[in-house]
Amino acid sequence: MEIVVNGDPRGVAPGSTVASLLRELSLPATRVAVERNREIVRKSEYDAVALSTGDRIEIVTFVGGG
């Protein structure tokens, strides 16, 4: 199925979740913020939030520095 991740179309397997998408992208769940269709997804819900065709996902990575 097709979703949009940070403005780019991407195919994911049916039944994918936010957590599985992050694993596929090699992004640590502890260092990102995720928005699905303009709503923030809580980290505690990453495993439970299923992705659907047409979802728009925005992922922001936290970067440390000074």
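Residues numbered from 1 in each chain as written. Predicted model: local features only at pLDDT ≥ 70, side-chain atom pairs only at ≥ 80, totals over all residues. Heavy atoms only, no water.

Caption draft 1: Spatial organisation of the pattern of salt bridges. Applying the stated criterion to the full structure yields two salt bridges. In this structure, glutamate 24 engages arginine 10 in a salt bridge whose closest nitrogen and oxygen atoms are separated by 3.0 Å. Highlighted residues: glutamate 24 in helix 1 (residues 18-24) and arginine 10 in strand 2 (residues 8-11), separated in sequence by 14 residues. Accessibility expressed as a relative area gives 43% for glutamate 24, which makes it partly exposed. Among the salt bridges present, the one from aspartate 55 reaches arginine 36, with a minimum N-O distance of 2.9 Å. Of this pair, aspartate 55 sits in the loop between strand 4 (39-41) and strand 5 (56-61) while arginine 36 sits in strand 3 (residues 32-36), and the two are 19 residues apart along the sequence. (Salt bridge = Lys/Arg side-chain N within 4 Å of Asp/Glu carboxyl O. Helix = DSSP H or I, 4+ residues; strand = E, 2+ residues; numbered from the N terminus. Buried < 20%, exposed > 50% of the residue type's maximum accessible area, 1.4 Å probe, protein only.)

Caption draft 2: Here's a closer look at the nonpolar core. Membership of the largest hydrophobic core comes to 15 residues, with the highest contact counts inside it found for Val18, Leu21, Val34, Tyr46, Ile57 and Ile59. Taken together, the elements giving at least two residues each to this core come down to strand 1 (2-5), helix 1, strand 3 and strand 5. When residues in this core are grouped by element, the largest group, four residues, is from helix 1. Ignoring sequence-local partners within four residues, the contact set of leucine 21 consists of Ile3, Val5, Arg10, Val12, Leu51, Ile57 and Ile59. (Core = buried A, V, L, I, M, F, W, Y, C linked by side-chain atoms within 4.5 Å. Contact = heavy atoms within 4.5 Å.)

Caption draft 3: Spotlight on the sheet that holds strand 2. Pairing is mixed in the open sheet, where five strands are placed in the order 2-1-5-3-4. Unpaired on one side and paired on the other, strand 2 and strand 4 mark the two borders of the sheet. Strand-to-strand twist in this sheet, taken as the mean axis angle between neighbours without regard to direction, amounts to 35°. The pairing of strand 3 with strand 4 spans three bridges and is classified as antiparallel. Considered in strand 4, the bridge of valine 34 is made with valine 41. (Pairing = 2+ DSSP bridges. Axes fitted to C-alpha atoms, helices over the stretch in contact; angles between N-to-C directions.)

Keep in mind these numbers describe shape, not what the thing actually does.
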